[in-house]
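A structural walkthrough
Listed below are the residues making up each chain.
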Amino acid sequence: MEEKNNIAIADESGDKYKYGFVTDIEADTVSAGLNADVIRLISHKKGEPDWLLEWRLKAFEFWCGMKEPSWAKLKYDKIDYQSLSYYSAPKQKVAPKSLSEVDKTLLETYDKLGIPLKEQEVLAGVVAVDAVFDSVSVATTYRAKLAEKGVIFCSISEAVREHPDLVQKYLGSVVPYTDNFFACLNSAVFTDGSFVYIPRGVKCPMELSTYFRINAKNTGQFERTLIIADDDSYVSYLEGCTAPQRDENQLHAAIVEIVVLNNAEVKYSTVQNWYPGDKDGKGGVYNFVTKRAACRGENAKVSWTQVETGSAITWKYPSCVLQGDNSSGEFYSVAITNNRQQADTGTKMIHIGKNTTSKIISKGISAGFSNQTYRGLVKVTPGADNARNYTQCDSLLIGTTCGSHTVPYIENRNKTAQLEHEATTSKISDEQLFYCRQRGIGEEEAVSLIVNGFCKEVMQHLPMEFAIEAAKLINISLEGSVG
Amino acid sequence: MNTLLSDIKLVGDELPWLKEYRAAGRREFARQGIPTAKTEAWKYTKPNRFLSTDFVFDPRGNNKFTVPAVNLPFAAHKLYFENGVFLSCDDDLPSGVEILPLIEALMFRPGVKNKLGALADMTKYPFAALNAACLNEGAYIHIKAGTRLEKPLALISHVTVVDRAELYNLHHIVEIDENATAEVVEYYGYTGAPKSSYLVNIVNEITVAAGASLRHYKFQDEAFKAGHLALNTVKVAAGGLYKSFCLQKGADLARNETQVCLAEENAAAEVDAAYKMNGWATIDTTTDIEHLKSGTTSSQLIKGVVGGQAKGVFQGKIHIAPDAVKTEGYQLHKAMLLSDEAEIDVKPELEIFADDVKCSHGAACGRLDAEQLFYLRSRGIPKIEAEQMLINAYLNDVMAKVDNENIRSWIKLSLGSNLPA
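Residues numbered from 1 in each chain as written. Chains lettered and ligands numbered in written order. Predicted model: local features only at pLDDT ≥ 70, side-chain atom pairs only at ≥ 80, totals over all residues. Heavy atoms only, no water.

Our focus in this paragraph is a nonpolar patch on the surface. On the surface, B:V11, B:M107 and B:F108 cluster together into a nonpolar patch covering about 280 Å² of accessible area. Checked against the element boundaries, B:M107 lands in helix α2 (residues 102–108). (Patch = residues over 30% accessible without salt bridge, like charges linked within 9 Å, V, L, I, M, F, W, Y side chains within 5 Å. Areas by Shrake-Rupley, 256 points an atom, 1.4 Å probe, with all protein chains shown as cover. Salt bridge = Lys/Arg side-chain N within 4 Å of Asp/Glu carboxyl O. Helix = DSSP H or I, 4+ residues; strand = E, 2+ residues; numbered from the N terminus.)

So, in structure tokens, the structure goes:
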């Protein structure tokens, strides 16, 4: 069952993806294939209680009867789910008790990625990090400080052990395993992820962050994040991801569940930078993610901000279920695709409670041979009096070989609802470009300037550190797409 | 519906190719079946309620064929269809205009055969397949090069409701040659007990040649238990213009689907529509505009008012092909809900593969403005009248899209005031 993972660094020709390196670390990887025994093995390795194993097996049984969805505007070779390994963990003799016991190679990896795992080094803008390497969480920082406030921030495996009541109550309550193909697969085989609980009345003193890293070859990464914001609490959560540059495709199917109770607020920001594949579309991560927040309480608020630059394929629709009266949901997204990347992304806003509001700002930029689709749903149920939605989707095309598509669904069953939707598609205007050029700004720089301006409405919703990283990422992603 | 698929003796069956065309329609309809909620294109308009009705297709059955007494308040060259049968056509047609029953044209005019099914793809649209299976009636309209029609052609399709559920199937082929100009009006109405069920299934195949223009107006006012399914397929050549306006007011389930292919440079299309209904009706407006070449433009304005337990559906697609630069595509859908149980479902779609384009779509959903209502009522206008005024004002800008003044006032008048909030 165990094998050594010693792989040379992948070909670096034409390398713009600076996180494309591979960490040479001995890993405990389950051999490829998916069946009930593999699920039992994963569950056993993680020392899980019986109820969770049963839940996983039920999900697996359901998954076996499901068909992979084909409605998205995505083209990819059929994924062979039996050729993947569903568990890979860096080998460690004893479980680390503190950061100093974590494998040095791993710490170096995160250092290279620029993720501050060493607590003392962190600067003014304090961020607590949960780092997930392949299938398992390797380190969570600042736990003691968070514990003082009663905030629980740990890996989900740990939460299953330490806080089973909370996990059992909320796991799968926002995204049930029957939800969709990829969510069902995740429910059966998820290996780790982060767990956050913000108690009543607590404003989380620092930003929480998860960093996902796929390292091992031929493994799928299936993490699951569960965030619970109790009454009157607040938390800002960041998520980042990278993967090594490999010729074959890697599969990532994650779930994020957020439960927001009375008067609580959750801000979830993502910078998704999985390896996008090379310029000919070879390799890259297949990213099939289900993210959903349930605003269960009154005045609950959730906001999704995402910057999507990576992945060969993105299939992702962060959603808000606005159940509580006066609850609100927001979605801010910048998606950039270049070369052969394909993204089908958007959001769902389900208005159930009275006086619920939602806002969608989506900016898509396609370049090269890429294709991008905004797919969204705004649904107003009969009881959602005075629901309000504003949607704006703008697309920018760079070059004649890319595509940009918009498919918003609007379903209104309440006469008091007020819904507005606008979408535009255009290219970078020659006038704007000329204006920059005549001031001596190079073409590539001018384009990035215009693109950054185009995305500004979304970027300003990102926390500071992320905003800077995201702006840089946008420039890197569009390199070589002009001229 | 299955009984429709059995063999019926139809005009022209002695021609092997026509017999085979009908057989292909039967096969395709059997293969695709009636769309369900899982069929993406019919997600919101579920025609599967027709499964429970066994429509009889009997084009020369027990109907009395008298020219229906439908008066249009404008001068027109009139074509009459009664219960799905082409009855007569005014014989004072100006030169440059040729009108024939479709089957006759297919049999005796070489070339028309190639137009049949050239635009309406029966392998993709189950009701186009049904239409092919039942192909027996319709008109072939040919406007020759350079002709400028002074009066509109009016296709009056009337149903005298009978005591069994019948299917009325019509297929029109319209050809507008180079630099010709024409106006076509389609009217669908009925007389008789309004509760009877019948299904009208229309396929129009329209070609607009270079420099030609066609203005196509439609007013659908079927019985409220009826089904009305129309597929308008249009191909526009260089510099041609296709402009359509459709008002839908009747039927229990109605769908007006318009597909325009802007096949050559600078072709233009304008597809506008309005709908107004209450009761339990579902009215669907579906558009699909394909920009294949550079310089093509399209615009769409669709507005609707929905009361009762009715449901308004709009699905609109703008597709821009990779080489179609300097194109413009605009689309706006606005709807108003009047009651607690009414529903609006909207799915606009942009599919863009070229960068030098200007495309936008907008959708808005709201209700009668309480302040405006208050303003009118404070001036002594009764509530119902005030609501009516606001609704008609709301639809006014889309009505203004009808260029022909006489037809516009007819449509405005037909909009009527039968819509309690």
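Moving on, there is more to tell.
Below, the discussion takes up the pattern of salt bridges. Opposite charge on two side chains lets them pair, provided their charged atoms get close. This structure, assessed with the given rule, holds 44 salt bridges over all chains. The partner of A:K301 in a salt bridge is A:E330, and the shortest N-O contact between them spans 4.0 Å. Note that A:K301 is positioned in strand β14 (residues 301–308) and A:E330 in strand β17 (residues 328–337), a separation of 29 residues in sequence. A:E330 gets classed as buried once you look at its relative accessible area, which sits at 17%. Each of A:K73, B:E40, B:K317, B:K347, B:E349 and B:E351 takes part in a single network of salt bridges with overlapping partners. (Buried < 20%, exposed > 50% of the residue type's maximum accessible area, 1.4 Å probe, protein only.)

We now examine the interface of chain A and chain B. The interface is formed by 33 residues belonging to chain A together with 34 residues belonging to chain B. Taken over both partners, the interface formed by chain A and chain B buries close to 2,700 Å², and the fraction arising from carbon and sulfur atoms is 48%. Applying the counting criterion to the chain A and chain B interface returns five salt bridges. Here B:E343 ties to A:R413 by a salt bridge, and the two come within 3.1 Å at their closest N and O atoms. (Contact = heavy atoms within 4.5 Å. Buried area = accessible area lost by both parts, 1.4 Å probe.)

Residue and element names in this part refer to chain A. One can describe the packing of helix α2 (residues 50–64) onto helix α7 (residues 181–189) by two numbers: an axis separation of 7 Å at closest approach and a directional angle of 145°. Once α2 is placed against α7, the crossing between them reads as left-handed. Seen from α2, the contacting residues are W55, R56, A59, F60, F62 and W63; seen from α7, they are F181, C184, L185, S187, A188 and V189. Residue classes in the contact of α2 with α7 are distributed as ten nonpolar, one polar and one charged. (Axes fitted to C-alpha atoms, helices over the stretch in contact; angles between N-to-C directions. Left-handed = near helix turned anticlockwise from the far one by under 90°. Nonpolar A, V, L, I, M, F, W, Y, C, P; charged D, E, K, R; others polar.)

All names here are of chain B. Along helix α4 (residues 126–133), eight of the eight residues are buried, which leaves the element largely enclosed by surrounding structure. Along α4, the positions that sit buried rather than exposed are P126, F127, A128, A129, L130, N131, A132 and A133. For α4, the secondary structure elements touched by its buried residues are α1 (16–32), β6 (166–176), β8 (198–208) and β10 (227–236).

So, on to the domain arrangement of chain B. Residue and element names in this part refer to chain B. When the domains of chain B are assigned, the result is domain 1 (2–367) and domain 2 (369–421). Taken together, the 30 residues of domain 1 in the interface contact 25 residues of domain 2. For the domain 1 and domain 2 pair, buried surface summed over both sides reaches about 2,500 Å², with 70% attributable to carbon and sulfur atoms. The largest share of the area that domain 1 buries against domain 2 comes from F245, K276 and K303, three residues that together contribute 24% of it. Scanning the region where domain 1 abuts domain 2 turns up four salt bridges. Taken together, the links from domain 1 to domain 2 amount to twelve residue pairs in polar contact (both at pLDDT 80 or more). Sorting the residues of the side of domain 1 that touches domain 2 by element identifies β7 (181–191), β9 (213–220), β11 (241–248), β13 (268–277), β15 (297–306) and β17 (327–337) as the ones contributing at least two each. (Domains from an automatic or database assignment. Polar contact = N/O pair within 3.5 Å; in protein donor to acceptor, adjacent residues only side chain to side chain.)

With that out of the way, let us pick up unusual backbone geometry. All names here are of chain A. One non-glycine residue with positive phi stands out, namely N263, at about 60°. For N263, the position within the fold is in the loop between β11 (249–260) and β12 (265–272). With relative accessibility at 38%, the residue N263 sits in the partly exposed group. One non-glycine residue with positive phi stands out, namely N355, at about 55°. For N355, the position within the fold is in the loop between β19 (348–351) and β20 (357–367). By relative accessible area, N355 is classed as partly exposed at 35%.

Turning next to the packing of aromatic side chains. All names here are of chain A. Throughout the structure, instances matching the rule amount to 28 aromatic pairs over all chains. Aromatic side chains Y237 and Y268 sit 5.1 Å apart centroid to centroid with 25° between the ring planes, which places their arrangement in the stacked category. Here Y268 lies in strand β12 and Y237 lies in strand β10 (residues 234–242), a separation of 31 residues in the sequence. Looking at Y237, the relative accessible area reads 1%, which means it is buried. Both rings, one in Y268 and one in W304, keep their centres 5.1 Å apart while their planes meet at 55°; by these two values the pair is tilted. Here Y268 is found in strand β12, whereas its partner W304 is found in strand β14, with 36 residues between them in sequence. (Phe/Tyr/Trp six-rings, centres within 6.5 Å; stacked < 30°, edge-to-face > 60°.)

Low pLDDT marks regions whose predicted coordinates should not be analysed in detail. Overall, the prediction assigns chain A a mean pLDDT of 84, with 83% of residues at 70 or greater. With pLDDT under 50 throughout, residues 1–14 of chain A is counted as low confidence; its partners more than four residues away or in other chains account for 24 contacts. (pLDDT = per-residue confidence, 0-100.)

Right, let's get into the pairing of β6(B). Residue and element names in this part refer to chain B. Of all the eleven residues making up β6, eleven are buried; the element is thus mostly covered by neighbouring parts of the structure. Covered by surrounding structure in β6 are E166, Y168, L170, H172, V174 and I176 together with L167, N169, H171, I173 and E175, the residues of both alternating faces. Across four bridges, strand β4 (residues 139–143) lies against β6 in parallel orientation. Across the sheet, residue I141 finds its bridge partner in β6, namely V174. (Pairing = 2+ DSSP bridges.)

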